[in-house]
Amino acid sequence: MTAPSTSLKAAPLISHWVGFESGRVQIRSGKVEIGQGIGHALMRIAAEELEVPMEIIDLVQGRTAETPNELWSSASISVEVGGLAVRQACTHARALALAEGARLQNVHPEDAGVADCGRGTADMAALYDAVAPSLDLDVPVDPALSPKPRSDYSVLPEKTVPHDLRDRLTGKPGAFLQDFTLPGMLHARVLHPPCTAGVLLQCDETALAALPCVRHVVRDESFVALVAETEHDAIRAAQAASAHVSWDTPDLPEGADLPALLKDLPAERRRILTRGDAVTSVDVELCVTRPFLAHASVGLSTAVARPDDKGMTVWTQSQGVYPTRDEIARTLGIASEDLRLIHVPGAGCYGHNGADDVALDAALCARAVGAPVRVSWTRTQEMTSAPLGSGMMVDVGASLAQGRITGWTHKVRSLTHLTRPGWGDGINLLSAWRLGDPHAASDIEDPGQVPFGGGGDRNAIPLYAVPNIQVTYDMIKAQPVRTSALRSLGAHANVFAIESLMDECALSVGADPVAFRLAHLEDPRARAVLRCAADMASWDDRSSGGDGIGWGIGLGRYKNKAAYFAVALRLEADAALHVTNVHCAVDCGLPVDPDGVRNQIEGGIIQALSWTLKEETVLRPDGLSARGWDTYSIINWDELPSKLEVKIMDAENNPALGVGECTMGPVAGAVGNAIRNALGVRLTAMPLTPQKLLEALA
């Protein structure tokens with residue numbers, strides 16, 4: 001029997017997930033669309049389990065008044081957990097519908113099928129329509145009922161066009177939150193200090209109100225917003241406002257020397273894993289770092305709020321509409337039931353950016369002026385006020401004997417990777433801290449390895465079979481800058497460290513990097529993806545390197561319990577570092593939407609290359625170094641690999657696993673290893689830039 005989805009705890013009834021009305025099927029999910037294709041995947045699951053065409057399915061996602069509470073769309077579990085809930089609910093609904101159909105036709109259920117119609121998709125749709133008036137779906141989902149095996153899938157081809165693709169490509173009004181409008185809607189900009197710890201010193205409200213086109217000034221202690229008739233007017237007003245406000249802004253610590261900064265901040269040591277004998281000395285060791293990273297979404301964080309006689313409705317791009325609703329309601333002093341949050345897709349971010357904060361900003365403005373208000377952040381606010389991905393330092397070492405690793409140490413030091421709304425007892429919304437009656441943020445606490453797979457220590461435990469292992473996590477609870485979830489959390493730096501060390505160990509014993517990894521791998525699925533990626537790249541026939549062209553390999557299993565991913569890539573090192581070829585294999589169990597899996601993997605690879613080679617923001621006493629696109633580099637179109645191959649492993653008899661974050665660490669490791677192969681030097685401080693390469697070669 002398949003274990004019940006954990007999402008069924010909060011929403012146990014079939015009717016929480018599935019409904020039939022007027023010839024259509026409604027599927028409800030608390031998992032939201034952030035560019036990962038979860039909506040299309042859920043519709044494919046429902047179509048196969050219910051045996052109906054996708055065209056009659058209506059998907060409702062992320063509405064606190066209508067959909068199940070599934071907390072956040074995060075951690076690459078939307079398919080694994082949310083998809084499983086939909087699958088189990090649909091399996092039970094189909095069984096009940098067949099039984100009710102048999103009863104209405106006065107035949108034995110085993111003989112019923114769909115009676116005289118033969119169980120085509122149109123016939124099943126007709127069955128659901130016929131039995132809907134008498135079908136009782138207010139019963140708990142029975143996870144003991146077996147979903148259809150993959151071999152029985154017959155409704156959909158491997159590739160189907162997402163239901164919302166046309167709207168997105170054509171820019172249909174409302175397809176993205178940034179284009180969402182309401183009748184009578186006003187526009188606002190919130191004035192934020194240069195850093196999140198800033199306090200308002202002086203504010204000339206009379207002068208602000210006198211600015212051209214300003215219709216309202218909303219002020220509550222250090223929260224200040226300017227409301228105007230149009231978006232353009234709101235932008236102009238915010239640009240002119242700086243002359244009339246001043247902030248007390250504390251200096252940030254100097255962060256140009258990232259290891260020194262992280263070591264200076266007090267930390268709490270946690271022992272993550274101790275296995276075998278103590279490792280008292282190592283033969284190979286590295287210290288790698290990952291800088292602070294911005295979300296750098298192209299679209300700005302945006303929200304729309306509308307007060308009404310029942311409370312308020314907020315349209316948001318939040319990844320967790322229920323947790324954010326509850327914290328906004330507490331800030332406003334109203335019951336959660338009087339606040340409705342509706343998710344609308346915005347710019348993808350894969351983590352905790354400003355989407356939740358701006359939802360509260362819009363609610364505060366709408367309540368103050370008594371009208372619908374849309375608030376968008378500025379590019380500078382995106383870079384300086386939204387949470388960052390934490391800077392990290394990882395010390396790894398290995399002892400060797402007779403060509404094998406006998407001992408392994410892994411010490412990671414990092415700020416927190418989780419301050420989302422809903423995490424802890426406080427209120428993790430920026431403007432809530434600035435009100436006259438302020439609300440405190442939650443105490444800083446990273447998620448543990450069980451069940452969340454860790455935060456800064458995510459993937460700190462090596463995948464390889466080593467008899468003696470010591471893994472510790474020095475968690476920094478101070479927040480000189482605001483940090484929180486960013487795609488893969490600590491896995492990006494931890495797997496980079498592990499895969500870099502594996503190559504150095506292989507080199508030290510004169511072994512091929514792939515063969516050396518295979519010698520230390522017991523998991524057959526990990527071995528399979530590694531072999532596959534190497535074969536795709538013709539690994540055994542590659543050049544020996546050292547001439548500016550190198551090949552690198554990287555492997556990981558996300559959270560050590562989710563999707564397996566291996567990558568082999570080719571890199572050219574001259575005036576720039578350019579990854580030209582990427583060959584990768586992913587094992588995600590049953591691929592619900594194979595085309596969606598490829599899309600996710602390709603996008604993840606590109607973002608991992610951008611993080612590893614380009615992205616960085618540095619703490620300086622006067623603020624963060626990155627305040628816009630001119631000071632924060634991301635990968636450009638002309639820097640993308642010319643060849644990118646994705647192989648989905650045949651593992652469809654295993655449960656479905658999410659693939660949104662599995663690429664980040666292995667790609668970073670493979671890039672570092674390719675540079676080492678190309679020019680014989682090991683770069684350990686991301687981003688791996690040509691300047692650092694020149695310094696290493698000097």
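In this text the structure is predicted, and so the values were computed from the model without any measurement. (Residues numbered from 1 in each chain as written. Predicted model: local features only at pLDDT ≥ 70, side-chain atom pairs only at ≥ 80, totals over all residues. Heavy atoms only, no water.)

(A) View of the overall build of the protein. Along the backbone of the protein there are 17 helices and 23 strands. In terms of overall size, the protein behaves like a compact globule, its C-alpha atoms giving a radius of gyration of 26 Å where 698 residues would be expected to give roughly 26 Å. C-alpha extents for the protein along the principal axes are approximately 75 × 75 × 45 Å. Each of the 698 residues in the protein was classed as buried or not, and the buried ones make up 59%. Sequence separation of 24 or more characterises 79% of the internal contacts of the protein that already satisfy a separation of 6 or more. Summed over its atoms, the accessible surface of the protein is roughly 26,600 Å², and 50% of this surface lies on carbon and sulfur atoms. For the protein, the distance from the average site of its 61 positive side-chain charges to the average site of its 85 negative ones is 1 Å. (Helix = DSSP H or I, 4+ residues; strand = E, 2+ residues; numbered from the N terminus. Rg over C-alpha atoms; globule rule 2.2 N^0.38 Å. Buried < 20%, exposed > 50% of the residue type's maximum accessible area, 1.4 Å probe, protein only. Contact = heavy atoms within 4.5 Å. Areas by Shrake-Rupley, 256 points an atom, 1.4 Å probe, with all protein chains shown as cover. Lys, Arg positive; Asp, Glu negative; His and termini not counted. Charge placed at Lys NZ, Arg CZ, Asp CG, Glu CD.)

(B) Structural view of the packing of aromatic side chains. Evaluated as defined, the whole model comprises four aromatic pairs. On the numbers, 6.4 Å between centres and 55° between planes, the contact of Trp72 with Trp423 is tilted. Residue Trp72 is found in the loop between β3 (57–61) and α2 (78–105), and its partner Trp423 is found in the loop between β16 (404–415) and β17 (468–476); the two are separated by 351 residues along the sequence. In this structure Trp72 comes out as buried when scored by relative accessible area, which is 13%. Each member of the aromatic cluster is reached from another via a ring pair, and the members are Trp72, Trp423 and Phe452. If you follow Arg290 out to its NZ or CZ, it ends over the ring of Trp611, 5.9 Å from the centre. (Phe/Tyr/Trp six-rings, centres within 6.5 Å; stacked < 30°, edge-to-face > 60°. Lys NZ or Arg CZ within 6 Å of the ring centre and 35° of its normal.)

(C) Geometry of the sheet that holds β3. A sheet is described by the order of its strands in space; here three strands give the open sequence β1-β2-β3, paired in mixed fashion. The open sheet terminates on both sides in strands that have one partner only, identified here as β1 (18–21) and β3. Going across the sheet, the axis of each strand differs from the next one's by a mean of 20°, ignoring polarity. Both strand β2 (residues 24–29) and β3 contribute to a ladder of five bridges, which runs parallel. Paired with Gln26 across the two strands is Asp58, which belongs to β3. Set on the sheet, α2 makes contact with β1 and β2; between it and β1 the angle comes to about 45°. (Pairing = 2+ DSSP bridges. Axes fitted to C-alpha atoms, helices over the stretch in contact; angles between N-to-C directions.)

(D) Looking closely at the sheet that holds strand β15 (residues 392–401). With mixed pairing, five strands are arranged side by side in an open sheet as β9-β17-β16-β15-β10. In this open sheet, the two strands that pair with only one neighbour each are β9 (267–275) and β10 (284–290). Strand after strand, the sheet turns through a mean of 10° between neighbouring axes, direction not considered. With nine bridges connecting them, β16 and β17 associate as parallel partners. Residue pairing in the sheet places Ser414 in a bridge with Met475 of β17. Sheet strands touched by helix α12 (residues 491–508): β10, β15 and β16. Its angle to β10, the strand with the most contacts, is close to 150°.

(E) Representation of the state of the cysteines in the model. Across all of its chains, the model carries zero disulfides by this definition. No disulfide involves Cys662; its sulfur sits 8.1 Å from the nearest other cysteine sulfur, which is in Cys588. (Disulfide = S-S within 2.5 Å.)

(F) Broad picture of the side chain of Glu327. Residue placement: Glu327 occurs in helix α9 (residues 321–332). Of the side chains with opposite charge, Arg330 lies nearest to the buried Glu327, which makes no salt bridge, at 4.9 Å. In this structure, Glu327 is in contact with Pro421, Gly422, Trp423, Gly426, Ile427, Asn428 and Leu429, ignoring residues within four places of it in sequence. (Salt bridge = Lys/Arg side-chain N within 4 Å of Asp/Glu carboxyl O.)

(G) Structural detail: unusual backbone geometry. At the junction of Met686 and Pro687, the peptide bond is cis and its omega measures out at 0° in the coordinates. Even without being glycine, Gln402 reaches a positive phi, approximately 55°. Structurally, Gln402 is set in the loop between β15 and β16. Here Gln402 falls in the exposed class, since its relative accessible area comes to 84%.

(H) Local environment of the nonpolar core. Ranked by internal contacts, the top residues of the largest apolar core, which has 108 residues, are Ile405, Trp408, Phe565, Val586, Ile601 and Val671. Sequence-distant contacts of Val671, defined by excluding residues within four places in its chain, comprise Leu569, Leu571, Val579, Leu609, Thr612, Leu613 and Leu688. Residues Ile38, Ile45, Val79 and Ala93 belong to the second largest nonpolar core, which totals 43 residues. (Core = buried A, V, L, I, M, F, W, Y, C linked by side-chain atoms within 4.5 Å.)

(I) Structural context of helix α4 (residues 121–131). Restricting attention to buried positions, one finds in α4 the residues Met124, Ala125, Leu127, Tyr128 and Val131. When α4 is viewed along its axis, its buried side chains cluster within an angular range of 155° and face the same direction. The outward face of α4, more than 90 degrees from its buried face, is lined by the exposed residues Ala122 and Ala130. In this structure, the buried side of α4 is in contact with β1, α1 (38–50) and α2. (Arc of directions from axis to C-beta.)

(J) Local environment of a nonpolar patch on the surface. On the surface, a nonpolar cluster with roughly 310 Å² of combined accessible area is contributed by Val161, Leu165 and Leu169. If you trace the backbone, Val161 turns up in the loop between α4 and α5 (165–170). (Patch = residues over 30% accessible without salt bridge, like charges linked within 9 Å, V, L, I, M, F, W, Y side chains within 5 Å.)

(K) Focus on the environment of Asp535. If you trace the backbone, Asp535 turns up in helix α14 (residues 524–536). Placed 48 residues apart in sequence, Asp535 and His583 show a C-alpha to C-alpha distance of 9.0 Å.

(L) View of the packing of α2 against α4. Contact geometry of α2 with α4 gives a least axis separation of 9 Å together with a crossing angle of 70°. The angle between α2 and α4 places the two elements in the roughly perpendicular class. Of the residues in α4, those touching α2 at Ala93, Arg94, Ala97, Leu98, Glu100, Gly101 and Leu104 are Met124, Leu127, Tyr128, Ala130 and Val131. Split into classes, the residues belonging to the contact of α2 with α4 amount to nine nonpolar, one polar and two charged. (Parallel < 35°, antiparallel > 145°, perpendicular 65-115°, else oblique. Nonpolar A, V, L, I, M, F, W, Y, C, P; charged D, E, K, R; others polar.)

(M) View of the side chain of Arg517. The topology assignment puts Arg517 in helix α13 (residues 513–519). By relative accessible area, Arg517 is classed as buried at 0%. In this structure the side chain of Arg517 is engaged in a polar contact, spanning 2.7 Å, whose partner is the side chain of Asp503. What Arg517 contacts, discounting residues up to four positions off in sequence, is Tyr464, Glu499, Met502, Asp503, Leu530, Ile553 and Asn673. (Polar contact = N/O pair within 3.5 Å; in protein donor to acceptor, adjacent residues only side chain to side chain.)

(N) A look at the environment of His244. Looking at the secondary structure, you find His244 in the loop between α7 (231–240) and β8 (245–248). The spatial distance from the C-alpha of His244 to the C-alpha of Gln202 is 7.7 Å, given a sequence separation of 42 residues. Once you skip the residues sitting within four places of it in the chain, His244 turns out to touch Gln202, Cys203, Asp204, Ala207, Leu208 and Leu211.

(O) Spotlight on the pairing of β15. For β15, the tally of buried residues reaches eight of 10 residues, placing the bulk of the element in the interior. Pairing of β10 with β15 involves seven bridges; the strand directions are antiparallel. By the bridge assignment, Arg290 is partnered in β15 with Met392. For β15 and β16, the ladder comprises 10 bridges, and the chain directions are antiparallel. Residue pairing across strands places Ser399 opposite Gly407, the latter belonging to β16. Linkage of β15 to β16, two consecutive antiparallel strands, is achieved through a turn of two residues, within which Gln402 is found at a positive phi near 55°.

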